[in-house]
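Survey of secondary and tertiary structure
Next come the chains, spelled out residue by residue.
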Amino acid sequence: MLLFLVIASLLLISSVSAAESAPSLLPAVNSSPSKMQVAVFINSIYNLDMVQGTYSIDSYLTFRWTDPSIETANFEFMNGEPSSSANSVEKIYEDKSGPVKEEWYRVRADFRVTPNNMDYPYESGILPIEIENANLQSSQLIYVPLTEESGMEPGFVIPGWKFGTPTFSVTDHSYPGNQTFSQISYNIPITNDALASLLQTIVPPLIFCIIAALSFLIRVDHPELVHLRYVLTTSMFISAVMYHFGQLALIPGLGVLKLFDKFMIAVYLFLAVTVTVTTLCYLAQQQWGRPELVKPINRYGVVVSILLPVVSFWLLLVLI
């Protein structure tokens, strides 16, 4: 009996030792995602329309990784698509012979971004290039920016526009079904020329106001002169309204007052005051029989026509 217990103990000890020394059949799980480095170099930007939020970019994309299980970059644009022209996405170089894998692409693509026209005619914003992997989620792959290898063509310019220094941002983009992908965005700041915008959009309404203001210099002691004042003021009022509607046709409706709308409201108030002053002067001269009121009405009308639009424009800027 004692001999049986000794033999059983030796067999149990040997089986435990064998189990400890035997290799595990389950493969080790790598819990950390692979990393893929991304560089973006902008050659040119064309078809730029900040009002509609559309633009096209010609660029070089570089992808670099070390995970041997990843065969290709397999990227896609999240805020655009390759242009319809031939060779819009062209692989120009690859090297996968060593531990570091690399692919270079020449890409011509059309992008879009939600426009922000609140400060129209002063336009500014960001032109992003948003990239995700088509298959691998963020638990499998994350993007890492190659800032030192990215940038813009130094000699590239668009007349009337200024570009800032592009920057990268990397976020986790979630989708329904508990799917999350690493998204890298190359953001290009852009602003338009303030002086050019002023000359193109603000100066015409100001000219309408200047012409209408000439009515304050015309007397109202004859019906022909009153008619001339009405022609100046009402024609400029109609011109301002038509000009405003022409500008609105170029800007998508936002349901809110834009900077340009607030300015045009001030213009309407100025023109409305010129028409009102002409009417009051005519009534005082021709119907009330009070010609002595014409000069005070005209004089105070000049002050009101200036102060009322300025104060109204300031209130609209502060309150809305």
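Residues numbered from 1 in each chain as written. Predicted model: local features only at pLDDT ≥ 70, side-chain atom pairs only at ≥ 80, totals over all residues. Heavy atoms only, no water.

**Side note on the overall build of the protein chain**
Summing up its helical and strand segments, the protein chain has five helices and 12 strands in all. For the protein chain, the proportion of its 320 residues judged to be buried stands at 38%. Contacts in the protein chain between residues at least 24 apart in sequence constitute 72% of all its contacts with a sequence separation of at least 6. Total accessible area computed for the protein chain in this model is approximately 18,300 Å², and 64% of it derives from carbon and sulfur atoms. (Helix = DSSP H or I, 4+ residues; strand = E, 2+ residues; numbered from the N terminus. Buried < 20%, exposed > 50% of the residue type's maximum accessible area, 1.4 Å probe, protein only. Contact = heavy atoms within 4.5 Å. Areas by Shrake-Rupley, 256 points an atom, 1.4 Å probe, with all protein chains shown as cover.)

**Observations concerning the pattern of salt bridges**
Overall, the coordinates contain 11 salt bridges when judged by the stated rule. Between E81 and R112 there is a salt bridge, with its nearest N and O atoms 3.0 Å apart. Within this pair, whereas E81 is found in strand β4 (residues 80–82), its partner R112 is found in strand β6 (residues 101–112), the two being separated by 31 residues in sequence. Here R112 falls in the partly exposed class, since its relative accessible area comes to 44%. (Salt bridge = Lys/Arg side-chain N within 4 Å of Asp/Glu carboxyl O.)

**Examining the side chain of S59**
Within the secondary structure, S59 is located in strand β2 (residues 54–65). Given the relative accessible area of 3%, S59 is considered buried. Residues in contact with S59, not counting those within four places in the same chain, are F41, I42, N43, Y105, R106 and V107.

**Some words on the nonpolar core**
Core analysis: the largest hydrophobic core is formed by 33 residues, its most contacted members being I45, F63 and F75. Only β1 (34–49), β2, β3 (75–77), β6, β7 (124–133), β8 (141–145) and β12 (179–192) provide two or more residues apiece to this core. Those residues within four positions of F75 in sequence are excluded, and the remaining contacts are L61, F63, V89, Y105, V107, I131, E132 and Y143. Residues C209, Y243, F260 and F263 belong to the second largest nonpolar core, which totals 17 residues. (Core = buried A, V, L, I, M, F, W, Y, C linked by side-chain atoms within 4.5 Å.)

**Points about the packing of helix α3 (residues 223–248) against helix α4 (residues 259–287)**
Orientation of α3 relative to α4, taken along the N-to-C sense of each, is 165°, at an axis distance of 10 Å. Considering the angle they form, α3 stands roughly antiparallel to α4. The handedness of the crossing between α3 and α4 is left-handed. In terms of residue class, the contact of α3 with α4 is made up of 17 nonpolar, seven polar and two charged. (Axes fitted to C-alpha atoms, helices over the stretch in contact; angles between N-to-C directions. Parallel < 35°, antiparallel > 145°, perpendicular 65-115°, else oblique. Left-handed = near helix turned anticlockwise from the far one by under 90°. Nonpolar A, V, L, I, M, F, W, Y, C, P; charged D, E, K, R; others polar.)

**Let's talk about helix α2 (residues 194–213)**
Helix length check: α2 (20 residues) gives 26 Å between terminal C-alpha atoms against 28 Å at 1.5 Å per residue, within 8%. The largest bend in α2 is about 45°, located at I202, with the proline P204 one to four residues further on. Inspection of α2 places S197, T201, I202, P205, F208, C209 and A212 among the buried residues, and these make up the whole buried set. Looking at the buried positions of α2, the neighbouring elements they touch are β12, α3 and α4. The backbone nitrogen of L195 lies 3.0 Å from a side-chain oxygen of the residue at the head of α2, namely D193. (Expected span 1.5 Å × (residues − 1). Bend = angle between axes of the 7 residues up to and from the residue. Polar contact = N/O pair within 3.5 Å; in protein donor to acceptor, adjacent residues only side chain to side chain.)

**As for the packing of α2 against α4**
Where α2 meets α4, the axes come as close as 10 Å, and the angle between the chain directions of the two elements is 10°. One element, α2, and the other, α4, form an angle in the roughly parallel class. For the pair formed by α2 and α4, the contact residues are T201, I202, P205, L206, F208, C209, A212 and A213 on the first element and F260, F263, M264, V267, F270, L271 and T274 on the second. Among the residues making up the contact of α2 with α4, the classes are represented as 13 nonpolar, two polar and no charged.

**Notes on the packing of aromatic side chains**
The geometry of an aromatic ring pair is captured by two quantities: the separation of the ring centres and the angle between the planes. Going through the model one piece at a time under the given rule, you end up with 15 aromatic pairs. Each ring, one from Y120 and one from F260, has its centre 6.0 Å from the other, and the planes form 85°; the classification is edge-to-face. Pair noted here: Y120 is in the loop between β6 and β7 and F260 is in helix α4, with a separation of 140 residues, a long-range link. Taken as a pair, Y120 and F260 share a single burial class, namely buried. Judged by centre distance (6.5 Å) and plane angle (85°), the rings of F263 and F313 are edge-to-face. Of this pair, F263 sits in helix α4 while F313 sits in helix α5 (residues 294–319), and the two are 50 residues apart along the sequence. Judged by its relative accessible area of 15%, F263 is buried. (Phe/Tyr/Trp six-rings, centres within 6.5 Å; stacked < 30°, edge-to-face > 60°.)

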